[in-house]
Amino acid sequence: MPGPTLLNWMIQRRESMLADLATLVVFESPSRDKAVLDPYATMLAGRFEALGGNVKLIDNPAGGNHVDAWFYREGDLPPALVLAHFDTVWPLGTVVDRPFRVDGPRAYGPGSYDMKASIILFETALAAFQALGLTPRRPIHVLVTSDEEIGSPTSRAHIEAAARECAHALVLEPPLPGGLLKTARKGVGGFTVEIEGKAAHAGVEPEKGISAINELALQIPRINALANPSVGTTINVGLISGGTTPNVVPAQAMARVDVRVATMDEARRLEHAFRGLHALTPGASVNVSGGINRPPMERTTASRELFERTRQIGRSLGLELDEGSTGGGSDGNFTAALGVATLDGLGVPGAGAHALNEHILIDSLPERAALLACLLLEL
Ligand SMILES: [Zn+2]
């Protein structure tokens with residue numbers, strides 16, 4: 001069992017992992033900026049090739065290119081699928097205001113925790129295999145995508161195709177607070193509720209108008225009533241708009257709603273209920289679009305087993321790993337929905353995803369790199 005050897009090797013690489021993380025952070029990569037995402041993907045492809053990968057760039061006219069790579073492909077077992085993303089929620093120029101910096105035990109920077117440090121873990125695991133002459137149990141198929149933070153519109157099909165032929169999926173999103181791995185995630189959806197009424201002069205003949213805003217106000221309590229927090233279903237009417245000017249009865253109004261569900265049953269219930277919304281004001285109409293984007297990642301027997309084996313492997317490295325669930329979605333939702341054993345949260349402990357204090361805990365880099373390496377060697 002090479003765990004302690006790997007961990008020692010990783011500990012000696014702590015400073016170079018940090019330097020590599022700085023490189024990945026200062027090269028910015030907002031989800032909607034193809035002009036910087038494409039060169040980023042090319043840079044990662046070069047780094048993976050240097051580690052022995054068989055790398056392909058997935059050309060993506062509708063967004064940034066994605067990186068698709070295989071390592072140790074000669075085995076005949078189904079591969080381990082590793083999922084990561086290199087896009088961040090931060091606009092270009094964020095590193096000018098908040099540069100990469102180390103402060104005591106923490107390394108700060110936009111995208112450091114979510115999830116550029118995770119890419120470093122993967123690279124370091126592969127470097128360790130080369131340096132120590134180790135061979136992973138299965139072929140490794142890795143997808144590093146450019147659009148996770150906007151719901152993976154262009155990478156989803158690639159992720160699902162890869163998931164259909166893999167043994168299990170290891171998702172390198174950041175862990176929960178305390179370093180907990182993620183074995184369940186809520187499903188995420190969004191609905192747009194559009195109301196159509198009829199415009200009229202508010203002073204001359206208001207009785208000829210149909211207020212879309214009044215109708216929307218009637219719909220909102222009905223929408224909120226679809227929540228059922230006791231089974232994990234939450235609803236947020238997060239944005240409303242409507243009307244044109246105060247002296248016109250408003251002909252249009254609109255609400256955008258975020259929904260979270262823990263189970264497929266609840267996902268189906270909400271889809272049905274939203275489609276069933278109908279106008280309460282005579283003459284008004286309601287049009288609903290949208291749906292569940294990421295299906296819930298439910299705990300299954302296979303994902304429990306995957307976690308239990310991971311926990312044992314963690315113990316061989318002196319790590320006491322625990323599991324938890326989150327309301328946020330990731331690409332692990334897609335693999336889990338296909339029945340693939342999925343373990344998420346394998347990134348580097350830290351805090352502040354999508355927040356100004358985003359950082360990782362530097363001492364966790366070697367531990368988590370060793371954990372990922374051991375999972376690739378043994379699972
Ligand atoms: Zn992420």
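Colleague: Which residues make up the sheet that holds strand β5 (residues 106-108), and what values do they have?
Modeller: Ordered by their spatial adjacency, 4 strands build an open sheet running β4-β5-β18-β17, and the pairing between neighbours is antiparallel. The sheet is open, and its two borders are formed by β4 (101-103) and β17 (350-351), each paired with just one other strand. As judged from the 2 bridges shared by β17 and strand β18 (residues 359-361), these two strands associate in the antiparallel manner. By the bridge assignment, Gly350 is partnered in β18 with Ile360. With respect to the sheet, helix α5 (residues 112-132) is in contact with β5, β17 and β18, its orientation differing from that of β18 by roughly 50 degrees.

Colleague: Any chance you could break down unusual backbone geometry for me, citing the residues and the numbers?
Modeller: Look at the link from Asp114 to Met115: it is a cis peptide, with omega at -10 degrees. Residue placement: Met115 occurs in helix α5. Positive phi outside glycine occurs at His354, with the angle close to 60 degrees. Position of His354 among the secondary structure elements: in the loop between β17 and β18. Residue classification places His354 among the partly exposed residues on the basis of a relative accessible area of 45%.

Colleague: Describe empty space enclosed by the protein, and please don't skip the residues or the numbers.
Modeller: Empty space among the atoms becomes apparent when a probe as large as a water molecule is rolled across them. For the structure on display, the rule yields 2 cavities of 30 Å³ or more. Estimated volume of the largest cavity: approximately 40 Å³. Around the largest cavity, the lining residues are Thr183, Met297, Glu298, Thr300, Ser303, Ala336, Gly339, Val340 and Thr342. Looking at side-chain class alone, the lining of the largest cavity contains 3 nonpolar, 5 polar and 1 charged residues.

Colleague: Which residues make up the coordination of the zinc ion, and what are the values?
Modeller: The zinc ion binds to the protein through His85 (NE2), Asp114 (OD), Glu173 (OE) and Glu173 (OE), with metal-donor distances spanning 1.8 to 2.8 Å. Coordination geometry of the zinc ion: the 4 donor atoms subtend angles of 51 to 150 degrees at the metal centre, consistent with an arrangement described as irregular. For the zinc ion, the donor residues sit on a single chain with the sequence spacing H-x28-D-x58-E. Here the residue His85 occupies a position in strand β3 (residues 80-85), and Asp114 occupies one in helix α5, the gap between them amounting to 29 residues. Each member of the pair, His85 as well as Asp114, is classed as buried.

Colleague: With reference to specific residues and values, describe the layout of surface pockets.
Modeller: Approximately 830 Å³ is the volume found for the largest pocket. What lines the largest pocket is a set of 36 residues, and nearest its centre among them are Val188, Arg260, Gly328, Gly329 and His354. Counting only elements with at least two residues in the lining of the largest pocket, the list comes to α5, β8 (181-185), β9 (187-196), β11 (234-242), β13 (252-261), β14 (285-294) and β17. Residue composition of the lining of the largest pocket, by class: 12 nonpolar, 14 polar and 10 charged. When we break the lining of the largest pocket down by domain, the ones giving at least three residues each are domain 1 (3-185 + 297-378) and domain 2 (187-294). What lines the second largest pocket is Arg137, Arg138, Ala167, His168, Ala302, Glu305, Leu306, Arg309, Ala341 and Leu379.

Colleague: Give me the lowdown on the sheet that holds β9, citing residues and values where you can.
Modeller: Read from one edge of the open sheet, 4 strands run β11-β13-β9-β14, paired in antiparallel fashion. Looking at the sheet topology across the chains shown, the edges are occupied by β11 and β14. Going from strand to strand, the sheet's axes swing by 15 degrees on average, the running direction of each strand aside. Contacts between helix α7 (residues 212-224) and the sheet are confined to β9, β11, β13 and β14, with β11 contributing the most and set at about 175 degrees to the helix. The strands touched by helix α8 (residues 264-275) are β9, β11, β13 and β14; relative to β14, the strand with the most contacts, the crossing angle is about 160 degrees.

The rules we used
Residues numbered from 1 in each chain as written. Predicted model: local features only at pLDDT ≥ 70, side-chain atom pairs only at ≥ 80, totals over all residues. Heavy atoms only, no water. Pairing = 2+ DSSP bridges. Helix = DSSP H or I, 4+ residues; strand = E, 2+ residues; numbered from the N terminus. Contact = heavy atoms within 4.5 Å. Axes fitted to C-alpha atoms, helices over the stretch in contact; angles between N-to-C directions. Buried < 20%, exposed > 50% of the residue type's maximum accessible area, 1.4 Å probe, protein only. 1 Å grid on protein atoms, 1.4 Å probe; cavity = no way out; pocket = protein on both sides within 12 Å on 5 of 7 lines; lining within 4 Å. Points joined across faces, edges and corners; volume = space filled by probe spheres on them. Nonpolar A, V, L, I, M, F, W, Y, C, P; charged D, E, K, R; others polar. Donors = N, O, S within 2.8 Å, 3.2 Å for Na, K, Ca; no water. Tetrahedral: all angles 85-135°; square planar, octahedral: opposite > 155°, others 65-115°. Domains from an automatic or database assignment.

These figures come from the coordinates and say nothing about function on their own.
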